[in-house]
Every structure is written in structure tokens, then in C-alpha cells.
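# Topology and contacts: notes
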Amino acid sequence: MESFEVEVKVPGSTANLGPGFDTIGMALQLYTTIKMKRAERTFIHLRGGNLNGIPTDKSNLVYQAAKLIFEKAGYVLPDLEIDIESEIPLTRGLGSSAAALVGGLTAANVLAGEPFSRKEIYDLATSVEGHPDNVGASLLGGIVTAAWDQQQVSYVRMLPMNGIKVVAAIPDFELSTNMARDLLPSSYSREDTIHAISHAALLASALATGNTMVLSQAMKDRIHQPYRMHMLPGLEQLLNHAREYGALGVALSGAGPTIIALTENEDGRLPQFMESILLEHGVPSTIKTLPIDTVGAASVEVCPKLL
């Protein structure tokens, strides 16, 4: 059988950045790579230690994404051989599922002859994920602010400020996004709502203009972080004191448990401080300093198309 193959590299992401709940996402140089080709039977290979527990049958998210593309295009889905390798740890708030979804949709779209535009892929990914922040960052790269009206996404993509990096403290335990969402209230006071709107607007403006001076204030949140604080001992101390060690702003990454800090300072004090505070609270973690990805989902190798 002639081999038709595409390889797609997709960045992970951090979302919310404090008050930008389900709205702001930032792509990180931490990648999932997916290879996909026609085969005599469907087979899914998982490579690396970050994919433990991921299904290797047709319930796999990447396969389901490919199925969705072919069905939407009106094509019959062939059997596929899918190879998945990921640097993104699972259920840590770094967009592992969004990267897999975007990678599956992108790879299948190429194999199917690219029936869908990137914007249509974005809408489709958001309809599956339920919110546009992580999938937008993984698909487009850079920083994405977006709104979803249950049919289509309206968004603005921005390039990061020069020299900005993300220090990520990744605890050595997993946290279900659904569990973290269950902790949130069903309604908010007028005061908290105004706080959320004003700080999210300030955050988006700061990211768009490069005004780093207001990031510490702009990243303060009352919508989700206070309700998740007890799940991660040490978070409150990092929110209150990381600025003294070079952080421009600190936030829970997505639903957690990863904590991220934006910084321009590379003298090593901030990563050391974040790690030590979490250890003091009995939370071992892996610290990564990650540049912001500006490419998004990219086909790094394409053989002749399937159709």
C-alpha cells in the first residue's frame, strides 16, 4: 500500500492568565507531535512518558478529531496509523487535550485535501473543547483573546512582548479540569463581575501594547483562583510575593495545578523561589522556563494527500 503521511507539531498553552477565564490563551514552546497516515488497520502508537493512560483504540481524541474532519467533509474515514509524542504533561493545566485535538484536526484536514480553513478548524475545535482559549493558542500561536457564541469564534491574535517568557511550576500530581470546574460558583456578585471585566480588559490591553508595568495588577482574579486555592498549597504565597523575585504577574495555568509567572528576568531567582515555596508546602514540582510559541500548529512534513 502506498504511504500517505502528514506530521503536525502543536504547542501546548496556558490559559486564563488570571482574569481571562475561558478567553485568553498563550502558546508555549512545549509540543505534541502527531504523525498520521493511511493503514490497513487502525493503530495508535504512544511515545514518551507523558501519555500514560491515553487510549490506543478508536476512542482516542486524535482519532476522534480525524473522524470529525472526514465526516464534516463528507468523506469515508480510512483506517489510520497515528503516532503521538508529547512534551506536554497530562491534566496539569498546560493544554494537553487542546493540543491533541488541534493536532488531530489539522493532520486529518491535510490528509483530506484541506477542505477546511484555519478559521473553520478553530470553530470546530472550540465546539468540541467548549471554550476558545487553549485551542486558539495551540492552533494560531502567540496570544489569543477570543469569544465563542456557540457557533463561531471571534478572536484577536497578538505576538508576545519582546523578551517575555513563562516560568511554569508543574506540580507532580494531576488535576481533573472537570473537578476544578465543579469548585466554581454558579453566579457571582456585581463587585466580582466588575472586577473580572476591568482586569480582563486591562490584561488584554497590556498584552496588546506591551505595557508590562500593569501586568501584576491586571492578572489578579476573583473568578476562579480563590475557589481553587485550597487545592494547591503555596499558590497564595506565590501570587503575593513572586513579583519580588522578578515576576511581572502570576496565575494558575488553566484549571491548574501548574502555576505560571510571566517574566523578563532570567537571573534564576524566580524559578528557584517558585520551586522552594511549593516544596515548603509539600508539593514537589518541575520548573520549566518556556518561551512563547508564535507559530501554532504546523505541518512539518507532508507526503502526497489521501484524496
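Starting afresh in each chain, residues are numbered from 1 along the sequence in its written order. Only residues with pLDDT of at least 70 get local features here, since the model is predicted, and only at 80 or more are side-chain atom pairs given and counted; chain-wide, interface and lining totals rely on the full set of residues. Working from all heavy atoms in the structure, the side-chain values ignore hydrogens and water.

### A look at the overall build of the protein
The criterion, for reference: Under the scheme used here, helices are H or I runs from DSSP no shorter than 4 residues and strands are E runs no shorter than 2 residues, and both carry numbers assigned from the N terminus. All radius of gyration figures rest on C-alpha atoms, and the globule criterion is 2.2 Å times the number of residues raised to 0.38. Whether a residue is buried, partly exposed or exposed follows from its accessible area with a 1.4 Å probe, protein chains only, as a fraction of its type maximum: under 20%, in between, or over 50%, in that order. Any pair of residues with heavy atoms lying within 4.5 Å of one another is described as a contacting pair. What sets the accessible areas is the Shrake-Rupley method with a 1.4 Å probe; for residues, cover comes only from the shown protein chains. Neither His nor the chain termini are counted; the positive set is Lys and Arg, and the negative set is Asp and Glu. Think of each charge as sitting on NZ of Lys, CZ of Arg, CG of Asp or CD of Glu.
Scanning the protein from N- to C-terminus turns up 10 helices and 11 strands. Over its C-alpha atoms the protein spans a radius of gyration of 19 Å, differing by no more than 12% from the 19 Å that the globule rule assigns to 307 residues. Taking all 307 residues of the protein together, 51% fall into the buried category. Restricting the contact set of the protein to residue pairs at least 6 apart, pairs at least 24 apart contribute 75%. Accessible surface, the protein as shown: approximately 13,300 Å² in total, 48% of it carbon and sulfur. Here the protein contributes 23 positively and 33 negatively charged side chains, and the mean placements of these two sets differ by 2 Å.

### Concerning the pattern of salt bridges
This is how the line gets drawn: One side-chain nitrogen of Lys or Arg within 4 Å of one carboxyl oxygen of Asp or Glu is enough to make a salt bridge.
Evaluated as defined, the whole model comprises 8 salt bridges. The residue Arg-47 makes a salt bridge to Asp-83 at a minimum N-O spacing of 2.4 Å. With Arg-47 in strand 3 (residues 43–47) and Asp-83 in strand 4 (residues 80–86), this residue pair connects regions lying 36 residues apart in the sequence. The class for Arg-47 is partly exposed, based on a relative accessible area of 40%.

### Re the packing of helix 3 (residues 118–129) against helix 4 (residues 133–140)
Stated precisely, the cut-off is as follows: Inter-axis angles, ranging from 0 to 180 degrees, are taken between N-to-C directions of lines fitted to C-alpha atoms, where helices are fitted over the stretch in contact. Note on angle classes: values under 35 degrees are labelled roughly parallel, values over 145 roughly antiparallel, values of 65 to 115 roughly perpendicular, and the remainder oblique. Working rule for handedness: look at the near helix, and if it is turned counterclockwise from the far one by less than a right angle, call the crossing left-handed; if clockwise, right-handed. Any residue that is not Ala, Val, Leu, Ile, Met, Phe, Trp, Tyr, Cys, Pro, Asp, Glu, Lys or Arg is counted as polar, Gly included; the first ten are nonpolar and the last four charged.
Where helix 3 contacts helix 4, the two axes come as close as 9 Å, and the packing angle between them is 150°. The orientation of helix 3 relative to helix 4 falls into the category roughly antiparallel. Between helix 3 and helix 4 lies a crossing of right-handed hand. Contact residues: helix 3 offers Arg-118, Ile-121, Tyr-122, Ala-125, Thr-126 and Glu-129, while helix 4 offers Val-135, Gly-136, Leu-139 and Leu-140. Here the residues of the contact of helix 3 with helix 4 are counted per class, giving 6 nonpolar, 2 polar and 2 charged.

### Some words on the UniProt feature "binding site: ATP" (unreviewed entry) in the protein
To keep it simple, the criterion reads: UniProt positions are given in the numbering used here, feature names are shortened, and annotations may be inferred rather than shown by experiment.
As recorded in UniProt, the feature "binding site: ATP" (unreviewed entry) lies at Pro-89, Leu-90, Thr-91, Arg-92, Gly-93, Leu-94, Gly-95, Ser-96, Ser-97, Ala-98 and Ala-99. When its relative accessible area of 1% is taken as the criterion, Leu-94 is described as buried. Tracing the chain through its elements places Ala-99 in helix 2 (residues 96–111). Note on Ala-99: relative accessible area 0%, which makes it buried. If sequence neighbours within four positions are ignored, Ala-99 has contacts with Val-10, Pro-11, Thr-32, Ile-88 and Ser-138.

### Examining the UniProt feature "domain: GHMP kinase N-terminal" (unreviewed entry) in the protein
Summarizing the sequence annotation, UniProt attributes the feature "domain: GHMP kinase N-terminal" (unreviewed entry) to residues 60–142 in the numbering used throughout. Helix and strand shares over residues 60–142 are 59% and 8% respectively, and the end C-alpha atoms of the span are 27 Å apart.

### Details of the nonpolar core
Put simply, the rule is: Note on terminology: a nonpolar core comprises buried Ala, Val, Leu, Ile, Met, Phe, Trp, Tyr and Cys residues joined through side-chain atoms within 4.5 Å. Throughout, the edges of the domains are those of an automatic or database domain assignment.
Met-36, Ile-69, Ile-82, Leu-207 and Leu-262 are the most contacted members of the largest nonpolar core, which totals 66 residues. With 10 residues, the single largest contributor to this core is helix 2. Looking at which domains feed residues into this core, each of domain 1 (5–159 + 293–306) and domain 2 (165–291) supplies at least three. The residues touching Leu-207, leaving out its near neighbours within four places in the chain, are Leu-17, Ile-24, Ile-143, Met-158, Met-161 and Leu-215.

### A short note on the confidence of the model for the protein
This is how the line gets drawn: Per residue, pLDDT measures the predictor's confidence, with a range of 0 to 100.
Taken as a whole, the protein shows an average pLDDT of 93; of its residues, 96% reach a score of 70 or greater. By mean pLDDT, strand 11 (residues 298–302) is the weakest element of the protein at 72, and helix 4 is the strongest at 98.

### Some remarks on the packing of aromatic side chains
Spelled out, the test is: In this analysis, rings of Phe, Tyr and Trp, with Trp reduced to its six-membered ring, are considered paired at centre separations within 6.5 Å, and the interplanar angle assigns stacked below 30 degrees, edge-to-face beyond 60, and tilted for intermediate values.
Enumeration according to the criterion identifies 4 aromatic pairs in this entry. Ring centres of Tyr-188 and Tyr-227 lie 6.3 Å apart, and the angle between their planes is 70°; this geometry places the pair in the edge-to-face category. Taken together, the residues Tyr-188 in the loop between helix 5 (177–182) and helix 6 (190–209) and Tyr-227 in helix 8 (residues 225–228) connect sequence positions 39 residues apart. Judged by relative accessible area, which is 27%, Tyr-188 ranks as partly exposed. A relative accessible area of 29% means that Tyr-227 is categorised as partly exposed.

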